[in-house]
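Chain by chain, the residues run as shown.
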Amino acid sequence: MKKLLPFVFLLAVPFLPSCSEPASIPGFDSETWQQDKKGCQGNRFAMTAEFDAIRKELYGKPENEVKDILGKPDAEQLMSRGQRLFIYYLEAGSQCEKRNQLSNANRAEVRFNALNKVSEITYLRPIQTTKK
């Protein structure tokens with residue numbers, strides 16, 4: 001039995017990270033953001049100031065943490081040199097009717113470098129937010 005204990009421990013180690021809580025950013029309503037698939041309900045548009053406030057905190061985060069915070073991307077593109085781009089629509093557009101086509105609706109684009117960490121976050125057309 002004592003000989004099996006180290007073997008059982010080695011089998012359990014890969015599953016330890018899956019026991020942790022999902023990543024989050026205080027003050028950002030991830031649930032509301034994630035429920036507004038493709039930005040068609042208008043909730044993400046209402047949250048643009050909140051999203052803009054947390055943008056800098058997303059830099060350097062790995063893909064799995066971004067998915068915890070922002071959810072599954074609305075679209076994904078493979079780029080050169082092992083980079084990837086996650087697209088999150090911020091407003092309703094043609095993507096709401098034609099689910100499998102990219103739209104010109106405003107969107108946030110989260111770029112991951114070859115090490116799978118956020119290296120850049122841009123907007124297709126920056127939304128003007130008013131500061132209170």
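Right above here is the structure, for reference.
Residues numbered from 1 in each chain as written. Predicted model: local features only at pLDDT ≥ 70, side-chain atom pairs only at ≥ 80, totals over all residues. Heavy atoms only, no water.

## Thoughts on the sheet that holds strand β4 (residues 118-123)
Pairing is antiparallel across the open sheet formed by 4 strands, whose spatial order is β1-β2-β3-β4. The sheet is open, and its two borders are formed by β1 (75-78) and β4, each paired with just one other strand. Strand after strand, the sheet turns through a mean of 20 degrees between neighbouring axes, direction not considered. With 5 bridges connecting them, strand β3 (residues 107-112) and β4 associate as antiparallel partners. Considered in β4, the bridge of Val110 is made with Ile121. Helix α4 (residues 48-58) rests against β3 and β4 of the sheet, and its axis sits at about 160 degrees to β4. Along the sheet, helix α5 (residues 63-70) contacts β2 (84-89), β3 and β4; its crossing angle with β2, the most-contacted strand, is approximately 5 degrees. (Pairing = 2+ DSSP bridges. Helix = DSSP H or I, 4+ residues; strand = E, 2+ residues; numbered from the N terminus. Axes fitted to C-alpha atoms, helices over the stretch in contact; angles between N-to-C directions. Contact = heavy atoms within 4.5 Å.)

## Focus: the pattern of salt bridges
Enumeration over the complete set of coordinates arrives at 8 salt bridges. Across the pair Glu76 and Arg84 runs a salt bridge whose closest N-O atoms are separated by 2.5 Å. The class of Arg84 is buried, set by a relative accessible area of 19%. Across the pair Arg111 and Glu120 runs a salt bridge, and its minimum N-O distance is 3.0 Å. On the basis of relative accessibility, which here comes to 22%, the residue Arg111 falls in the partly exposed class. Glu120 sits in the partly exposed class, given a relative accessible area of 33%. (Salt bridge = Lys/Arg side-chain N within 4 Å of Asp/Glu carboxyl O. Buried < 20%, exposed > 50% of the residue type's maximum accessible area, 1.4 Å probe, protein only.)

## Some remarks on the state of the cysteines
Enumeration according to the criterion identifies 1 disulfide in this entry. Residue pairing for Cys40: its cysteine sulfur links by disulfide to Cys96, the two sulfurs lying 1.9 Å apart. Looking along the S-S bond of the Cys40-Cys96 disulfide, the torsion reads about -110 degrees, which is the left-handed sense. In this pair, Cys40 is assigned in the loop between α2 (30-35) and α3 (43-46) and Cys96 in the loop between β2 and β3, connecting sequence segments 56 residues apart. With relative accessibility at 28%, the residue Cys40 sits in the partly exposed group. On the accessibility criterion, Cys96 (18% relative accessible area) is buried. (Disulfide = S-S within 2.5 Å.)

Function cannot be inferred from these measures alone, as they are strictly geometric.
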